[in-house]
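# Observations on the model geometry
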Amino acid sequence: MKRRTTELVYLIFAGVISTMAYVSVFTGRRGDIKTSSVVYGLIFVAIFLILHAVVRAFLSQADPYLLPLTALLAAIGLTEIYRIDPRYALLQGQWLVVGAVLFIATVLLVRDHERLDGYRYLIGAAGLALLLITIVFGSTVNGSRLWLRFAGFSIQPSEFAKIAIVIFLAGYLNDKKEMLSIPTSHVMGIPLPAPKYFGPLAVMWILSLLMLIFMKDFGMSLLFLAIFVALIYMATSRIVYVVAGGVMFSIGAAVAYQVVGHVQERFQIWIDPWAHAATTGYQLLQSMFAIADGGVLGAGIGRGYLLAGHRPVVPDLQTDFIFAAVANELGLIGAVGLILVYVLFCWRAFRVAIWAPDGFSKLLAAGLATAFGLQTFIIIGGVTRLIPLTGITLPFVSYGGSSITANLMLVALLLMVSHRTAVIRAGSEHERLKLAGIK
Amino acid sequence: MTDVILFILKILILALLYVFIWLVLRRAVGDVYGGGGAQAPDIASPDASPQVAPVTPSVRRARRDKRAVERTMPGEALDLTEHINPRLVVEESPILAAGLVFPLEGWVLVGRAPSSDIVLDEPFVSQTHARLRPVGQFFMVEDLGSTNGTFINEKEVTEAQLRFDSRLRIGETIFRYEE
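Rules used in this analysis
- Residues numbered from 1 in each chain as written.
- Chains lettered and ligands numbered in written order.
- Predicted model: local features only at pLDDT ≥ 70, side-chain atom pairs only at ≥ 80, totals over all residues.
- Heavy atoms only, no water.
- Helix = DSSP H or I, 4+ residues; strand = E, 2+ residues; numbered from the N terminus.
- Expected span 1.5 Å × (residues − 1).
- Buried < 20%, exposed > 50% of the residue type's maximum accessible area, 1.4 Å probe, protein only.
- Arc of directions from axis to C-beta.
- pLDDT = per-residue confidence, 0-100.
- Contact = heavy atoms within 4.5 Å.
- Pairing = 2+ DSSP bridges.
- Axes fitted to C-alpha atoms, helices over the stretch in contact; angles between N-to-C directions.
- Core = buried A, V, L, I, M, F, W, Y, C linked by side-chain atoms within 4.5 Å.
- Phe/Tyr/Trp six-rings, centres within 6.5 Å; stacked < 30°, edge-to-face > 60°.
- Lys NZ or Arg CZ within 6 Å of the ring centre and 35° of its normal.
- Parallel < 35°, antiparallel > 145°, perpendicular 65-115°, else oblique.
- Left-handed = near helix turned anticlockwise from the far one by under 90°.
- Nonpolar A, V, L, I, M, F, W, Y, C, P; charged D, E, K, R; others polar.
- Polar contact = N/O pair within 3.5 Å; in protein donor to acceptor, adjacent residues only side chain to side chain.

As a further point, take helix α10 (residues 239-259) of chain A. All names here are of chain A. With 21 residues, α10 should cover 30 Å at 1.5 Å per step; its first-to-last C-alpha distance of 30 Å lies within 8% of that length. Every buried residue of α10 is accounted for by Tyr241, Gly245, Phe249, Gly252 and Ala256. One side of α10 carries all its buried residues, which in axial view fall inside an arc of 65 degrees. Opposite the buried face of α10, at more than 90 degrees from it, the exposed residues are Ile239 and Gln258.

Written as structure tokens, this is what we have:
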């Protein structure tokens, strides 16, 4: 099968699963069926078919699995959101359209991701600016200052900043990786590279710690630092950066714990949510009850006990806690399935990186894959009380406009890298065929 | 009634979810380790890649008969090197066209290094990965301490004889040995 045919077949497969999930929600609601609701399902399939057509036209050699995996995640998310509150589903559907437009715009305007490397400092500065604006003008929701409100919209700039900073780091580290792997001076026996090259990286480092203190958000700051450490490790293959990153983050986290009450609170409810069952620990406990209530096979989509009256039993169920809703309705089996879909997505993304022919493409794809995978880990880990809870979205599944649009752009970039890889390899094959004879 | 429908739907959704995962997993993981999923680019290569006719049982029989005749020739030591045509045929590869033929003669080095006799520019291939070496009329394959190993019929080998129709896998490329 050709790549695009494979993609189309799997997209239709994802469409079938999504339709069945919708039918399940409608049947569960009984008299609550409206024809307009069925339209959601059709629009959903149409959006992904349009994206498929764009990929077919412009990125014909791109990886065939990333888009269907995205569609499956979005389908699971949209049905769960619809099931929790149809109004959010309508908004999420609109955001999906915006995301699709940005996906197409990314493909059409960028075409070749190598071009982004030329604007690396501009893109890096834009990412930094987005974060600084949020720190200064942002509004605080649930104790974290991650939101920017204007003209009736609230966006989460950190989702976009994440991509911008990966692009910057990939370009910068690819250029300077040799310099960064050779230590030129020693401070207290620790080898350090020349400060000239290390400067921009130190800025990143400090920024992620500032985020922890000023945004009061453990998750985003952990995500940025981890992306940074992972990329620098991939570029230089020096484990010292990973160790140093871990130590710095631990120190930062310890300081933040003392200074920021919000971080302290999150940490305490992670250790013992029952001590604060009626107050701060309520949300996490409700989430754990919802997950436990799902059992092995789950209650069935549309049948879980997720709403008390019209209010979700877990506050923020449609955004940060969507994983609890999925685990409740599809059970352990479904929740593990969802995680496997994420694993497959990361697998494909890292494969794109492994095969990419040049350093910038490799680091870009690997950085995006790391960002995606880590974000998923941080929020699922938080909701299941594996790590302290932190408010970031589950990519493609959670309700959230910024998240879904930014992550669709991330997919567009990964597809671009894989397309270019295949084209270049096909070109070099032509060369190789001529030289391939023995001796 | 609704409960029954919902139960069936639930099981169906879960089953389909796992069928989807299984299908992608089979292809996607195979893609990295070889074993069936590797896909050459769809773009037609500018040169038509040389194709060899598949060895059919009748061809094989004809060869065997020919050799049997040669064996009965009086006086001569049994040396068939003149009469065999050892070669590797690309069966599956993400970078080489399937059906591409590499005739084997003398020592043949396989690796990612441009100086190799068969250059495999793949992430899972070492610079000098394996060597093919004639021993009498046979060919031996020898792993040169590669990172990801050399496989014959999906069994890792350090040194082994190539037999007719065995599959030699290096990285994600699978060759078929013919003589």
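What follows picks up the thread again.
Residue and element names in this part refer to chain A. With respect to the helices and strands, Ala53 occurs in helix α2 (residues 35-58). A relative accessible area of 40% places Ala53 in the partly exposed class. Residues Ala53 and Arg4, 49 residues apart in the sequence, show an inter-C-alpha distance of 9.2 Å.

Residues and elements named next belong to chain B. When pLDDT is averaged across chain B, the result is 77; 72% of the residues are at 70 or more. Considering only residues more than four positions removed or in separate chains, one finds that residues 33-41, a stretch of pLDDT under 50, has 36 contacts. Confidence drops under pLDDT 50 across residues 43-51; counting only partners more than four residues distant or on other chains, this segment forms 15 contacts. Reported for the predicted complex are a pTM of 0.79 and an ipTM of 0.84.

What follows concerns the sheet that holds strand β2 (residues 101-103) of chain B. All names here are of chain B. The 6 strands are arranged β2-β1-β11-β10-β7-β8 in an open sheet whose pairing can be described as antiparallel. In this open sheet, the two strands that pair with only one neighbour each are β2 and β8 (155-157). For this sheet, the mean angle separating the axes of adjacent strands, direction not counted, is 30 degrees. Strand direction decides the pairing type here: strand β1 (residues 87-92) and strand β11 (residues 173-178), joined by 5 bridges, are antiparallel.

Our focus in this paragraph is the pairing of strand β3 (residues 108-111) of chain B. As a general feature of sheets, a regular strand has side chains that alternate between the two faces. All names here are of chain B. Both β3 and strand β5 (residues 130-135) contribute to a ladder of 3 bridges, which runs antiparallel. The partner of Val110 across the bridge, within β5, is Ala130. Pairing between β3 and strand β4 (residues 118-119): 2 bridges, direction parallel. In the strand pairing of β4, Val110 is matched with Ile118.

Below, the discussion takes up the nonpolar core. Grouped together as the largest cluster of nonpolar side chains are 143 residues, with contacts concentrated most on Phe48(A), Phe103(A), Leu338(A), Leu394(A) and Phe20(B). When residues of this core are assigned to their parent elements, the largest contribution, 17 residues, is made by helix α13 (residues 322-355) of chain A. Contacts of Leu394(A), omitting those with residues within four sequence positions, involve Ile322(A), Phe323(A), Leu338(A), Tyr342(A), Thr376(A), Ile379(A) and Ile380(A). Counting 25 residues, the second largest nonpolar core, distinct from the first, contains Leu88(B), Leu132(B), Ala160(B) and Leu162(B).

Here we take up the packing of aromatic side chains. Each pair of aromatic rings is reported with the distance of its centres and the angle of its planes. Using the criterion set out here, one finds 16 aromatic pairs over all chains in the structure. Judged by centre distance (5.4 Å) and plane angle (80 degrees), the rings of Tyr257(A) and Phe267(A) are edge-to-face. Remark: Phe267(A) occurs in helix α11 (residues 261-271) and Tyr257(A) occurs in helix α10; sequence separation between them is 10 residues. With 5.9 Å between their ring centres and 45 degrees between their planes, Phe372(A) and Phe396(A) make a pair best called tilted. Of the two residues, Phe372(A) is situated in helix α14 (residues 359-383) and Phe396(A) in the loop between α14 and α15 (401-435); the sequence distance between them amounts to 24 residues. By the ring-pair criterion, three or more aromatic residues cluster together here, those being Tyr10(A), Phe13(A), Tyr65(A) and Phe20(B). Over the ring of Phe151(B) we find Arg169(B); its NZ or CZ atom is 4.3 Å from the centre of that ring.

Another aspect to go through is the packing of α13(A) against α14(A). Residues and elements named next belong to chain A. With their axes 8 Å apart at the nearest point, α13 and α14 run at an angle of 165 degrees to one another. Judged on the interaxial angle alone, α14 and α13 are roughly antiparallel. Like other packed secondary-structure pairs, α13 and α14 cross with a definite hand, here left-handed. Between α13 and α14, the contacting residues are Phe323, Ala324, Ile339, Tyr342, Phe345, Cys346, Ala349, Phe350, Val352, Ala353 and Ile354 on the first element and Lys362, Ala365, Ala366, Ala369, Thr370, Phe372, Gly373, Thr376, Ile380 and Val383 on the second. Within the contact of α13 with α14, the residues separate by chemical class into 17 nonpolar, 3 polar and 1 charged.

Turning next to the side chain of Asn174(A). Residues and elements named next belong to chain A. Take Asn174: it is sitting in helix α7 (residues 157-181). Assessed through its relative accessible area of 18%, Asn174 is described here as buried. When sequence neighbours within four positions are dropped, the list of residues in contact with Asn174 reads Leu169, Gly359, Phe360 and Leu363.

Residue and element names in this part refer to chain B. Alignment of β5 against strand β6 (residues 138-143), held across 6 bridges, turns out to be antiparallel. Along β6, the bridge assignment pairs Arg131 with Glu142. Counting the residues in the hairpin turn of β5 and β6 gives 2 residues, including Gly136, whose phi is positive at 60 degrees.

With that out of the way, let us pick up the side chain of Ser116(B). Residue and element names in this part refer to chain B. Along the chain, the position of Ser116 falls in the loop between β3 and β4. On the accessibility criterion, Ser116 (7% relative accessible area) is buried. Of the polar contacts made by the side chain of Ser116, one reaches the backbone oxygen of Ala113; its length is 2.7 Å. The contact partners of Ser116, leaving out residues within four places of it in the chain, are Leu109, Val110, Gly111 and Gln127.

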